[in-house]
Amino acid sequence: NWGFSYISFNQNPRAKGLADYKREWFTKKEYRQAVSYAIDRDRIVQTVLRSLGKPLWSPVSPANTVYYNDKVQKYPRDVAKAKALLAGIGFKPGPDGYLQDAAGHPVEFTLLTNAGNNINIAYCTIIQENLKDVGIKVNPTPVEFNSLVTRFTSTYDWEAAVLAFTGGVEIYNGRNIWASSGGLHMWNPRQTKPATPWEK
């Protein structure tokens, strides 16, 4: 199977409903790395997928023997590393035990996924539990699929989301996702020029 599931954070400067301070978190590489270190992919595979899958470190499945690269950067669950990365960008525990950023904002976000998709909802629950371990509060929120599409492609009214793509042997078929100009380049779609060096 070439499919994969993933978490994405809204980094779109045109997302008028997204708090600037949250966009600032989401665009920090260290923040996203910390989230990745906090997520227990092995638990997800064992409990949600009943071991019928593998932890992924890129959108290319090991089933794709043409393009899969085992040497990509990996982020196995490491709570200590996640906490260190978050501390390094100025996050500190507040009175309730959850983190606050340097300006005192609680480090919290709403995590959308498509309602009725029990697998994605289960992913969100595990992510919520995993991120609580590093001091981030997650609010899983299932939303009707067409509403999700509208948020991703026109209103940009979202903070974070868990979704899945079916993939395929030819990764060029995912160009609309990976190209910065793509309409499904969710975190910042339809860029007139790449917003970051890595996207370029």
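A few points on the structure. Keep in mind that this is a model prediction, so the values were computed, not measured.

This paragraph deals with the overall build of the protein. When you go through the protein residue by residue, the secondary structure sums to seven helices and six strands. Secondary structure elements of the protein, listed N to C terminal, follow the sequence β-α-α-α-α-β-β-β-α-β-α-β-α. Relative to the 2.2 N^0.38 estimate, which gives 16 Å for 200 residues, the radius of gyration of the protein is 17 Å and therefore close to what a compact globule would have. For the protein, the C-alpha atoms occupy an extent of roughly 50 × 40 × 35 Å along the three principal directions. When the 200 residues of the protein are sorted by exposure, 39% land in the buried category. A separation of at least 24 residues holds for 66% of the contacts in the protein among residues at least 6 apart in sequence. A total accessible area of about 11,000 Å² is found for the protein, and carbon and sulfur atoms account for 54% of it. Side-chain charges of the protein comprise 24 positive and 17 negative groups, with the mean position of each set lying 4 Å from the other.

Quick look at the layout of surface pockets now. The volume enclosed by the second largest pocket comes to roughly 340 Å³. Around the second largest pocket sit 18 residues that line it, and G167, E170, I171, G174 and W178 are the ones nearest its centre. With three residues, the single largest contributor to the lining of the second largest pocket is helix α7 (residues 175-178). Residue composition of the lining of the second largest pocket, by class: nine nonpolar, seven polar and two charged.

Bringing helix α1 (residues 20-27) into the picture now. All buried positions along α1 are accounted for by K22, R23, W25 and F26. Seen end-on, α1 carries its buried residues on one side only, within an arc spanning 155°. Contacts made by the buried residues of α1 are with β1 (4-9), α2 (29-38) and β4 (108-114).

Okay, the sheet that holds β4 next. On the basis of which strands lie adjacent, the open sheet formed by four strands has the order β1-β6-β4-β5 and mixed pairing. A strand with exactly one partner marks an edge of an open sheet, and here the two such strands are β1 and β5 (137-143). On average, adjacent strands in this sheet sit at an angle of 25° to one another, irrespective of strand direction. In this structure, β4 lies alongside strand β6 (residues 160-165), joined through two bridges in parallel fashion.

Another aspect to go through is a nonpolar patch on the surface. Together, W2, V66, Y67, V169 and I171 make up a nonpolar patch on the protein surface, roughly 450 Å² of accessible area in all. The topology assignment puts W2 in the segment before β1.

This next bit is on the side chain of K22. Along the polypeptide, K22 turns up in helix α1. For K22, a relative accessible area of 11% puts it in the buried group. There is a polar contact of 3.0 Å between the side chain of K22 and the side chain of E159. Apart from the residues lying within four places of it in its own chain, the contact partners of K22 are E108, F109 and E159.

For the rest of this paragraph, the subject is the packing of α2 against helix α4 (residues 79-88). Each pair of packed helices can be summarised by the angle the axes make with each other and by the distance between the axes. Two elements in contact, α2 and α4, have axes whose closest approach is 8 Å; the angle formed by their N-to-C orientations is 160°. For the element pair α2 / α4, the angle class is roughly antiparallel. Judged by the sense of rotation from one axis to the other, the crossing of α2 with α4 is left-handed. Between α2 and α4, the contacting residues are E30, Y31, Q33, A34, Y37 and A38 on the first element and K81, A82, L85 and L86 on the second. Within the contact of α2 with α4, the residues separate by chemical class into seven nonpolar, one polar and two charged.

A few words now on the pattern of salt bridges. Scanning the model with the defined rule gives five salt bridges in all. Put simply, D70 and K74 hold a salt bridge, and the shortest N to O gap is 3.5 Å. Looking at D70, the relative accessible area reads 47%, which means it is partly exposed. Residue class for K74 comes out partly exposed when judged on its relative accessible area of 28%.

Analysis parameters
- Each chain carries its own residue numbering, running from 1 in the direction its sequence is written.
- pLDDT decides what is reported in this predicted model: residues at 70 or higher carry local features, side-chain atom pairs at 80 or more are listed and counted, and totals for whole chains, interfaces and linings draw on all residues regardless.
- Where side-chain values are given, they derive from all heavy atoms of the structure, hydrogens and water being excluded.
- Going along the chain from the N terminus, every DSSP run of H or I of four or more residues is numbered as a helix, and every run of E of two or more is numbered as a strand.
- For the radius of gyration, the atom set is restricted to C-alpha positions; the globular benchmark scales as 2.2 Å times the number of residues to the power 0.38.
- Residue burial is assigned from relative accessible area. The probe radius is 1.4 Å, only protein chains are included, and a residue is buried under 20% of its type maximum, exposed over 50%, and partly exposed in between.
- Contacts are residue-level and defined by heavy atoms, with any inter-residue pair within 4.5 Å sufficient.
- Accessible surface area values rest on a Shrake-Rupley calculation with a 1.4 Å probe, where residue burial reflects the displayed protein chains alone.
- Neither His nor the chain ends is counted toward charge; the positive residues are Lys and Arg and the negative residues Asp and Glu.
- By convention, the charge on Lys lies at NZ, on Arg at CZ, on Asp at CG and on Glu at CD.
- Both cavities and pockets are sets of points on a 1 Å grid over the protein atoms alone; in a cavity a 1.4 Å probe fits but cannot get out, in a pocket the set is open with protein on both sides within 12 Å along at least five of seven lines, and lining residues sit with an atom within 4 Å of a point.
- Grid points are joined across faces, edges and corners, and a volume is the space filled by probe spheres set on the points.
- Under the scheme applied here, ten amino acids are nonpolar (Ala, Val, Leu, Ile, Met, Phe, Trp, Tyr, Cys and Pro), four are charged (Asp, Glu, Lys and Arg), and all others, including Gly, are polar.
- Taking the helix axis as origin, the arc is that swept by the directions to the C-beta atoms.
- If DSSP finds at least two bridges between two strands, the strands pair.
- Fitted lines through C-alpha atoms give the axes, limited to the stretch in contact for helices. The angle between two N-to-C directions lies from 0 to 180 degrees.
- Patches here are clusters of residues that have more than 30% relative accessible area and form no salt bridge, with a 9 Å joining cutoff for like charges and a 5 Å cutoff for nonpolar side chains (Val, Leu, Ile, Met, Phe, Trp, Tyr).
- Definition used for salt bridges: Asp or Glu carboxyl oxygen within 4 Å of a side-chain nitrogen of Lys or Arg.
- Contacts described as polar in this section are N or O atom pairs within 3.5 Å, which, within protein, must combine one atom able to donate a hydrogen with one able to accept it, while residues neighboring in sequence count only if both atoms come from side chains.
- Roughly parallel means an angle under 35 degrees; roughly antiparallel means over 145; roughly perpendicular covers 65 to 115; every other angle is labelled oblique.
- The hand of a helix crossing depends on one turn: near helix anticlockwise from the far one by less than a right angle means left-handed, and clockwise means right-handed.

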